[in-house]
Amino acid sequence: DELERIRSVLSVGEREAKRLEEEKTRPLFEKAVMDALADVRSKESSISSIIGSLAITSNDLCVSSELYESVLQSQVKSSLTNTFEGVAKFVRVGNVAGVEKGVSDMVEYLDDVKAFLDKVGTEMTDDEETLATRVLSFSVGEGMKKEKTNAYRMFLKSSLASNDSKLSEAARSTLAKFAGIVELSKFDSQIVYKEVVGPTLTETVLKNTEDLHSLDGAADVQSVVDSLGLTADAVAEIKMSVYRQRLTEVSESAEGGILSEEQSAGLKSLASFLSVPDTEAAKLCAKVNGPAYKSSVVEAMGESGVIMDSYQEPLDQLRQRLLLDEQRGRSIYMATVAEKMDPMCKGLVTALEDIQKPASNDDKEKDGLGITAEQKTTDFMAACMTLVDFVKGNKAAEQIEDGTDSVTRDVEKEVEKEVEREEIKMVTRPTLKAPGETETVEEKVIVKDTVTETVTETITETVPKYRYEFPLTAQSISSIQDEAAAAIYKQFVIGSFSAKDDKAATYEEYQEQIGLVLGLDDAEMTKIAGSIGAMVFDNYFSTSMQGKSELDQQDMMFLAQIKDKLKMSDDVVERLLLSTQKNLLSKQVERVFVAGTKITAESVRAVRDQAAGMGIDLARDLGVTDDRLGRMFTIEVSEGIEGGAITAGDDGSDSIAEIVEGLGMSEAKAEALLEALVKDRSSRIVKNISADVARGNDARAMKDLPIFISYAKFVGGENLGIKLAKNVVDSIVAVFESATFGQPGAEDDLQILKKALS
């Protein structure tokens, strides 16, 4: 109260007053707490009396609860830090006894302090969080990780040495509390723990696994595990280490690393005894026993490089005896095949380069003998097939059922049938010559016999169809890249296509499989075959389609042959055929117009007929312009009209309609072109007629007049826009009338002429 009155008189704020009070009282209270903790350590006074004395001091000094707790924490930390620094000194000089006693004293003191704090907390706080938890929320020995770790290690070793390599519960508890107060991480403490006690467990496990056929020390091992208090992970790791050691020892003792049945069984029992997971055991066996299995695979390949079927089962039995699971055994097997396969793949690249290299005199031997291009191709094809046989023969390809096929075959079977034959028998019968008497005579009888005969019968069976998948390819083992694989496949397809009959069938059987072995997928192989097909189609059609508008039977047979040889689908063939036809027809269109003014109706008609026969639209499919289509229409129609093939009327309309359809033009466009054609040609022709009549060349005029009338008939003689003097018209009419007098149809033509010229 007095202090509060003075604070008020002096106008000192509450915060400043509190600071001044703590500044004066804290050192006094720290001294009191230090003495109290010394009493706690010495245990000369009871905790209750220590707390009571401390309570009187704190009350006399007006110590707040916050200051009380703060001083407690700082003094406890200081005393524990001083204690650990003493332990650290012993660690640095290697004083094991000093470390053991210092750690024990430190933990014991910690327990006493905690009991003291729990009692203080009970009396001064109602918080859920205990005072001890808050006060002890610190660590000691900052910056001394090495000393902490070594103190932990030295105490652990000393405890084991003094207790027949066993760790008592008290020692475990001390270690756990020490690690907690110095904040030695769980990871670090477990590393030290395993390092120290691991050899003890390892020694025990090794001792109990000396005889793989008498593994009866499980209880002994478990007893050591329980006494050492190792974590499950640490125990598993140690057991795994022992299994690895025993596995290596057995493998090295076996001739060539090939385990006997007895050794294999012993290692299986060992894995079970040590509780080694199957997956982990399989990994170790693959690492230790894998080389022996690989050597056996290489040996089984022999000089041919292909493992005979009769060796496959013994190899699998060996795999099992070497404790290799199916997956890892297959992996080693495939890796071995890949090693043998690698130079074969690279050899194909070299062979291809040799085929594609331009021939020169340097390539031949001095005596004039050399390897021909044909022989190089034959050797290349053989090498490709050898690669496929190598992969398939070594079971590196997977045969997968892919639907069914119907096959027919002839079978022989025995059948029974009845046959008739005549037989002569002697029979006794009454005679007609002498009643009551008999006679013996010969009589023919039909006898039926059953005979067996062999007949041939044709039967149809449904059998499974297979396809191959190649998990091991030239690209997957990085022997060659995609570009080289495509080039090799292309050369093989070309070689197959070019081969003679005696080899072609064999090559075709291998065509798809060599592509798969090279690492190409269906799309890539189809693309390559398509590019070859396009070249073949283009070469063939550039000659065979000359003078033809559609394919004949011979062409279709050729296409079927190409399709089979290149293994192309119907869709690919159809696209190639259309593309080739378009290309050829496009070239023909260009040739028509290269002729310039000499374009003939015959050449236009040939293009139109071919387009119709091929089902090609000139504008849409070939991009022929409207201008060119118009010229083609005009040329063919004008020649037809002037040659008499196209006349006004239904027949002429049908002919023009056929031309319009063949050129892919619209009717409106055709009508406009026809109208322009009629007017233009009529105007030009009538000028020539006028000139001829004026010069008295009536005969020449009569050559043009029928053509003029033919054009005029298409418009009924109207709207031609012809303007001539009356005397010229009369002269033309007179010439025509005189020349055609009495001829059939002359009168109708005369009327059209007059109408057209008027």
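### Structural notes on the overall build of the chain
When its secondary structure is counted, the chain shows 29 helices and two strands. Relative to the compact-globule value of 27 Å for 758 residues, the chain shows a C-alpha radius of gyration of 56 Å, a clear excess of over 25%. Oriented by its inertia axes, the alpha-carbon framework of the chain measures out at about 165 × 140 × 85 Å. The proportion of buried residues among the 758 residues of the chain is 39%. Within the chain, contacts between residues at least 6 apart in sequence are counted, and of these 75% link residues at least 24 apart. Once the 89 positive and 134 negative side-chain charges of the chain are each reduced to a mean point, those two points are 5 Å apart.

### Here's the deal with the packing of helix α27 (residues 698-713) against helix α28 (residues 726-740)
Packing of α27 against α28 brings their axes to within 10 Å, and their N-to-C directions diverge by 95°. Relative to α28, the element α27 is oriented roughly perpendicular. Taken together, the residues of α28 that come into contact with α27 (itself represented by Asp698, Met702, Leu705 and Ile709) are Ile732, Val735, Phe736, Ala739 and Thr740.

### Topic: the packing of aromatic side chains
All told, the structure shown has three aromatic pairs when counted by the stated rule. Look at Phe29 and Tyr68: their rings are 5.1 Å apart centre to centre, the planes differ by 55°, and that puts the pair in the tilted class. With a gap of 39 residues between them, Phe29 in helix α2 (residues 14-42) and Tyr68 in helix α4 (residues 65-93) connect regions that are remote in the sequence. The two residues Phe29 and Tyr68 agree in class, both being buried. Consider the rings of Phe84 and Phe178, whose centres lie 6.2 Å apart with planes at 40°: the pair is tilted.

### A few points about the pattern of salt bridges
Overall, the coordinates contain 37 salt bridges when judged by the stated rule. A salt bridge links Asp105 to Lys101; its shortest N-O distance comes to 2.7 Å. Residue Asp105 and its partner Lys101 are both found in helix α5 (residues 96-124); the two are separated by four residues, about one turn of the helix. Looking at Asp105, the relative accessible area reads 28%, which means it is partly exposed. Ionic pairing is found between Arg319 and Asp316, a salt bridge with its closest N-O pair at 2.9 Å. Note that Arg319 and Asp316 are positioned in helix α14 (residues 309-321) at a spacing of three residues, about one turn of the helix. If you follow the salt bridges from partner to partner, you end up with Lys43, Glu108 and Asp112 in one network.

### Quick notes on a negative patch on the surface
A cluster of acidic residues, Asp482, Glu483, Glu512, Asp521 and Asp522, forms a negative patch at the surface. Its location among the elements puts Glu512 in helix α18 (residues 501-517). Given the relative accessible area of 46%, Glu512 is considered partly exposed.

### A word on the nonpolar core
In this structure, Phe116, Leu201 and Tyr243 are the most contacted members of the largest nonpolar core, which totals 144 residues. Leu201 has contacts with Val221, Val224, Val225, Leu228, Leu230, Val235 and Ile238, leaving out every residue within four places of it along the chain. In terms of nonpolar packing, the next biggest core, distinct from the first, is built from 55 residues, Phe593, Leu677, Ile689 and Ile752 among them.

### With respect to the environment of Val349
The topology assignment puts Val349 in helix α15 (residues 326-356). The spacing of Val349 and Ala485 is 136 residues in sequence and 8.4 Å in space, taken between C-alpha atoms. Setting aside anything within four residues of it in sequence, one finds Val349 in contact with Ile480, Ala484 and Ile488.

### Section: helix α8 (residues 169-181)
Taking 1.5 Å per residue as the helical rise, α8 with its 13 residues ought to reach 18 Å, and the 19 Å between its terminal C-alpha atoms agrees with that figure. Taken together, the buried positions of α8 are Ala171, Thr174, Leu175, Phe178, Ala179 and Ile181. Buried residues of α8, viewed axially, fall in a sector of 165°; they line one side. Opposite the packed face of α8, turned more than 90 degrees from it, sit the exposed residues Glu169 and Ala176.

Each value, and the rule that gives it
Each chain carries its own residue numbering, running from 1 in the written order of its sequence. Residue-level local features of this predicted model are given only where pLDDT is at least 70; pairs of side-chain atoms are given and counted only at 80 or more, and the full residue set underlies all totals for whole chains, interfaces and linings. Neither water nor hydrogens contribute to the side-chain values; these are computed over all heavy atoms in the structure. Working definition: helices are DSSP H or I runs of at least four residues, strands are E runs of at least two. Numbering for both runs from the N terminus. For this measure, only C-alpha atoms enter the radius of gyration; the expected value for a globule follows 2.2 Å times N^0.38, where N is the number of residues. Partly exposed residues are those whose accessible area sits between 20% and 50% of the maximum for their type, while under 20% is buried and over 50% is exposed, using a 1.4 Å probe and protein chains only. We call two residues in contact when some of their heavy atoms are within 4.5 Å. In this tally Asp and Glu are treated as negative and Lys and Arg as positive; neither His nor the chain ends contributes. Here the site of a charge means NZ on Lys, CZ on Arg, CG on Asp, or CD on Glu. Every angle, taken between N-to-C directions, lies between 0 and 180 degrees, and every axis is a line fitted to C-alpha atoms, over only the stretch in contact when it is a helix. In these notes the angle categories are as follows: under 35 degrees is roughly parallel, over 145 is roughly antiparallel, 65 to 115 is roughly perpendicular, and the rest is oblique. Each pair of aromatic rings taken from Phe, Tyr and Trp, with Trp reduced to its six-membered ring, is defined by centres within 6.5 Å and is described as stacked if the planes are under 30 degrees apart, edge-to-face if over 60, and tilted in the remaining cases. Should a side-chain nitrogen of Lys or Arg be within 4 Å of a carboxyl oxygen of Asp or Glu, the pair is scored as a salt bridge. For patches, a residue must show more than 30% relative accessible area and have no salt bridge; joins then use 9 Å for like charges and 5 Å for nonpolar side chains, namely Val, Leu, Ile, Met, Phe, Trp and Tyr. We get accessible surface area from the Shrake-Rupley algorithm with a probe of 1.4 Å; when it comes to residues, only the shown protein chains can shield them. Nonpolar core, defined: a set of buried Ala, Val, Leu, Ile, Met, Phe, Trp, Tyr and Cys residues in which side-chain atoms within 4.5 Å join the residues together. One less than the residue count of a helix, multiplied by 1.5 Å, gives the span that helix is expected to have. Working definition: the arc comes from the directions between the helix axis and the C-beta atoms, pointing outward to the latter.

By themselves, these observations are geometric and do not establish any function.
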